[in-house]
Amino acid sequence: MIDNIKLTEKDDQLSALQIAEWNGEYTNSSRLCSCVGTHVTCNGFIYKIDLTTYNVLCCRVCSMRIEIPKWVETYRDLRQWSEANYVR
């Protein structure tokens, strides 16, 4: 089972399960691609947008927008960032 990743203090979560099913494999060391998963709240696809100084995760359905550091490149990095910022 793939655990969801908490993205905000309001408990918005990312599910990578559907991406894993499409790609045939998912590991924590898998790199984040343009579509990183689905938003558990609204089932919209969450896309990663690369910017100059940071990246953005954006939901296509509800427009949730989260800035993440450039160093977050894998699902493991995203989980570590999330745990440092939102999981208490």
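Rules used in this analysis
Residues numbered from 1 in each chain as written. Predicted model: local features only at pLDDT ≥ 70, side-chain atom pairs only at ≥ 80, totals over all residues. Heavy atoms only, no water. Core = buried A, V, L, I, M, F, W, Y, C linked by side-chain atoms within 4.5 Å. Buried < 20%, exposed > 50% of the residue type's maximum accessible area, 1.4 Å probe, protein only. Helix = DSSP H or I, 4+ residues; strand = E, 2+ residues; numbered from the N terminus. Contact = heavy atoms within 4.5 Å. Polar contact = N/O pair within 3.5 Å; in protein donor to acceptor, adjacent residues only side chain to side chain.

**Digging into the nonpolar core**
Next, step 1: One finds Leu7, Leu14, Ile46, Leu57 and Leu78 to be the most contacted residues of the largest nonpolar core, which totals 16 residues.
Next, step 2: Among the secondary structure elements, those contributing two or more residues to this core are strand 5 (55–59), strand 6 (65–68) and helix 2 (75–85).
Next, step 3: Apart from the residues lying within four places of it in its own chain, the contact partners of Leu78 are Ile5, Leu7, Leu32, Leu57, Ile68 and Val72.

**Points about the side chain of Lys48**
Next, step 1: By the secondary structure assignment, Lys48 is in strand 4 (residues 45–50).
Next, step 2: A polar atom in the side chain of Lys48 sits 2.9 Å from the side chain of Asp50.

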